Amino acid sequence: MTDPRLAPYRVPALAFAAYLVLQGVSAAALFALRLGGGPDGVRAFYLGSDESFTAARSLPGLLEVAVPHLVAIPLVLFAAVHVVGFARALPPAAFRALVALSFGSALVGVLSGFAVRWVDGGLAWLKVAAFAGLEGALLGWVALLVAVIVPRISRSRPNSNAYSREPTRNVRQISWCMVQGNDDLKVDLSRGYRPTQV
């Protein structure tokens, strides 16, 4: 699956993959600490809680979080999609499905906060599902980035002499026939320049 065309970009691509892992771990920790990791915690975070003495989220507060996410997450996903798509690491159907899961989860994750706050608190499960979908998609992109960037270690190395001697001998035969003035020489390009006589 490794694409040799990506070899010059191996270091920045692996650094980008490491960034995605760090971002995913940080987001999961933040989601668990601030939103509780479940629908009840999400509902309390957006609607407020008398037990924890927290107020409901305001529109400016939600926009302060939503606007940067609407810019940053699509850019990150676009970069990962671009590299993996360039290397054609997935069949077209699987690639489209992963792209749809990634961007769809990101969009639903941003909008679901507004839905929980002003539509129905029962939609808190949507926030949890969108977050889990985006985290899973990011892990998938990381795995694919590593697969198309890191070269495989071959267990059996081909015999280089087996590939170098035969073409050299054939070239000598062609040159000798040309020197001898053999006009009936035919060169079969599909068989490694082996001369045949008519």
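Worth saying up front: this structure is predicted, and the values here are computed from it rather than measured. (Residues numbered from 1 in each chain as written. Predicted model: local features only at pLDDT ≥ 70, side-chain atom pairs only at ≥ 80, totals over all residues. Heavy atoms only, no water.)

Q: I'm lost on the overall build of the protein in this one. Help?
A: When helices and strands are counted, the protein shows six helices and two strands. Each helix and strand of the protein, placed in order from N terminus to C terminus, yields the pattern α-α-α-α-α-α-β-β. Sorting the 198 residues of the protein into buried and exposed places 28% on the buried side. Considering only contacts within the protein whose residues lie at least 6 apart along the sequence, 69% involve residues at least 24 apart. As displayed, the protein has an accessible area near 13000 Å², and 65% of this comes from carbon and sulfur atoms. (Helix = DSSP H or I, 4+ residues; strand = E, 2+ residues; numbered from the N terminus. Buried < 20%, exposed > 50% of the residue type's maximum accessible area, 1.4 Å probe, protein only. Contact = heavy atoms within 4.5 Å. Areas by Shrake-Rupley, 256 points an atom, 1.4 Å probe, with all protein chains shown as cover.)

Q: What exactly am I supposed to notice about a nonpolar patch on the surface here?
A: A cluster of nonpolar side chains, contributed by L59, L63, V67, W118 and V119, occupies part of the molecular surface with about 480 Å² of accessible area. For the nonpolar patch, the leading source of residues is helix α3 (residues 59-87), giving three residues. (Patch = residues over 30% accessible without salt bridge, like charges linked within 9 Å, V, L, I, M, F, W, Y side chains within 5 Å. Salt bridge = Lys/Arg side-chain N within 4 Å of Asp/Glu carboxyl O.)

Q: What is the right way to read the packing of helix α2 (residues 39-47) against helix α4 (residues 92-118) from this model?
A: Two quantities define a packed helix pair, namely the angle between the axes and the distance from one axis to the other. The contact between α2 and α4 brings their axes to 9 Å, and the two run at 75 degrees. Relative to α4, the element α2 lies roughly perpendicular. Residue-level contacts link V42, R43, Y46 and L47 of α2 to G113, V116 and R117 of α4. (Axes fitted to C-alpha atoms, helices over the stretch in contact; angles between N-to-C directions. Parallel < 35°, antiparallel > 145°, perpendicular 65-115°, else oblique.)

Q: Is there a simple way to explain the nonpolar core in this structure?
A: It is characteristic of soluble globular proteins that their nonpolar side chains tend to be buried jointly. In terms of nonpolar packing, the biggest core is built from 24 residues, with L77 and W141 touching the most fellow members. For this core, the secondary structure elements donating two or more residues are α1 (10-35), α3, α4 and α5 (124-149). Of the residues forming this core, the biggest block, nine residues, is contributed by α5. Discounting chain neighbours no more than four positions away, the residues touching L77 are S102, F103, A106, L134, L138 and W141. Residues F45, Y46, V110 and V116 belong to the second largest nonpolar core, which totals twelve residues. (Core = buried A, V, L, I, M, F, W, Y, C linked by side-chain atoms within 4.5 Å.)

Q: Sorry if this is basic, but what is going on with the packing of aromatic side chains here?
A: We describe a pair of aromatic rings using the distance from one ring centre to the other and the angle between the two ring planes. Tallied over the entire structure, the rule returns five aromatic pairs. Each ring, one from F95 and one from W141, has its centre 6.1 Å from the other, and the planes form 80 degrees; the classification is edge-to-face. With F95 in helix α4 and W141 in helix α5, this residue pair connects regions lying 46 residues apart in the sequence. On the basis of relative accessibility, which here comes to 0%, the residue W141 falls in the buried class. Here R5 stacks its cationic end above the ring of F86, 4.3 Å away from the centre of that ring. Looking at R57, its charged tip hangs above the ring of F45, at a distance of 4.1 Å from the centre. (Phe/Tyr/Trp six-rings, centres within 6.5 Å; stacked < 30°, edge-to-face > 60°. Lys NZ or Arg CZ within 6 Å of the ring centre and 35° of its normal.)

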